[in-house]
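Here is how the chains run, residue by residue.
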Amino acid sequence: MAISFDEVAAGTELPAQSFPVTRATLVQYAGASGDFNPIHWNEKFAKEVGLPDVIAHGMFTMAEAIRVVTDWVGDPGAVVEYGVRFTRPVPVPNDGVGSVVEVTGKVAKLLDDRKVQVDLVATYGGQKVLGMSRAVVRLA
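Residues numbered from 1 in each chain as written. Predicted model: local features only at pLDDT ≥ 70, side-chain atom pairs only at ≥ 80, totals over all residues. Heavy atoms only, no water.

Focus: the overall build of the protein
Argument step 1. Looking only at helices and strands, the protein features 3 helices and 6 strands.
Argument step 2. Reading the helices (α) and strands (β) of the protein from amino to carboxyl end gives β-α-α-α-β-β-β-β-β.
Argument step 3. Buried residues in the protein amount to 40% of all 140 residues.
Argument step 4. Residue pairs in contact within the protein that sit at least 24 positions apart in sequence constitute 66% of those at least 6 positions apart.
Argument step 5. Counting only carbon and sulfur atoms, one obtains 54% of the accessible surface of the protein, whose full area is about 7,500 Å².
Argument step 6. Taking the 13 positively charged and 16 negatively charged side chains of the protein as two groups, their mean positions are separated by 6 Å. (Helix = DSSP H or I, 4+ residues; strand = E, 2+ residues; numbered from the N terminus. Buried < 20%, exposed > 50% of the residue type's maximum accessible area, 1.4 Å probe, protein only. Contact = heavy atoms within 4.5 Å. Areas by Shrake-Rupley, 256 points an atom, 1.4 Å probe, with all protein chains shown as cover. Lys, Arg positive; Asp, Glu negative; His and termini not counted. Charge placed at Lys NZ, Arg CZ, Asp CG, Glu CD.)

Structure (structure tokens):
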């Protein structure tokens, strides 16, 4: 069932989600995206360039975050704008568990043409990993 513009208001919260990230996830994403930068798979290299560990691809983190919106609205095509700033990396240890990115979303404001602005907050370990994460979504 599609979310109707008439059913939402500024402050409407979207269901929060948690997204696990493992080294296997990073390998799969690298294959799909073609981004084989060694900071995403080579722990020795990542540490040599000053990172705490291998880190998740920024675009992967961005893609996981927008899933809160697309799952809520039920149609990925309803997202008409989306942007973020990358503020902090998501380290992914090679411990069989990995990391978890937590994402919440809230309707920030109603716009013209049955659109809403949704502000997202993505965190890892209690710290924001995406800044100014905003999507504009056209509702039914």
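So, the side chain of His57
Argument step 1. Tracing the backbone through its elements, the reader meets His57 in the loop between helix H2 (43-48) and helix H3 (58-73).
Argument step 2. Relative accessible area serves as the criterion here: at 1%, His57 is assigned to the buried category.
Argument step 3. Reaching out from His57, the side chain makes a polar contact with the backbone oxygen of Asp35 at a distance of 3.2 Å.
Argument step 4. Non-local contacts of His57, meaning those with residues more than four positions away in its chain, are made with Leu26, Tyr29, Ala30, Asp35 and His40. (Polar contact = N/O pair within 3.5 Å; in protein donor to acceptor, adjacent residues only side chain to side chain.)

Some details on the pattern of salt bridges
Argument step 1. Tallying each qualifying case throughout the model produces 8 salt bridges.
Argument step 2. Lys47 is the salt-bridge partner of Glu43, the closest N and O atoms lying 3.3 Å from each other. With a gap of 4 residues between them, Glu43 and Lys47 both fall in helix H2, about one helical turn apart.
Argument step 3. For Glu43, a relative accessible area of 30% puts it in the partly exposed group.
Argument step 4. Judged by its relative accessible area of 44%, Lys47 falls in the partly exposed class.
Argument step 5. Residue Asp119 is joined to Arg134 by a salt bridge in which the shortest nitrogen-to-oxygen separation is 3.5 Å. (Salt bridge = Lys/Arg side-chain N within 4 Å of Asp/Glu carboxyl O.)

Here we look at H3
Argument step 1. In this model H3 runs 23 Å from its N-terminal to its C-terminal C-alpha over 16 residues, within 8% of the 22 Å that 1.5 Å per residue would give.
Argument step 2. Along H3, the residues that are buried comprise Phe60, Thr61, Met62, Glu64, Ala65, Ile66, Val68, Val69, Thr70, Trp72 and Val73.
Argument step 3. Each element contacted by the buried residues of H3 is listed here: strand E1 (13-21), helix H1 (23-33), strand E2 (79-86), strand E3 (99-110), strand E4 (115-124) and strand E6 (130-138). (Expected span 1.5 Å × (residues − 1).)

Considering the nonpolar core
Argument step 1. One finds Val69, Trp72, Val103, Val116, Val118, Val137 and Leu139 to be the most contacted residues of the largest nonpolar core, which totals 33 residues.
Argument step 2. At the level of elements, E1, H3, E3, E4 and E6 are the ones that each hand at least two residues to this core.
Argument step 3. At 8 residues, the largest contribution of residues to this core is made by H3.
Argument step 4. Leave out the neighbours within four places in its chain, and Trp72 touches Ile3, Val8, Leu14, Pro15, Val107, Val118 and Leu139. (Core = buried A, V, L, I, M, F, W, Y, C linked by side-chain atoms within 4.5 Å.)

Some details on the pairing of E3
Argument step 1. For E1 and E3, the ladder comprises 7 bridges, and the chain directions are antiparallel. Bridging across to E3, Ser18 finds its partner in Glu102.
Argument step 2. One ladder, built from 8 bridges, connects E3 with E4; its direction is antiparallel. By the bridge assignment for E4, Thr104 is matched with Val121.
Argument step 3. Between the end of E3 and the start of E4, which pair antiparallel, lie 4 residues, with Asp113 showing a positive phi angle near 60°. (Pairing = 2+ DSSP bridges.)

These figures come from the coordinates and say nothing about function on their own.
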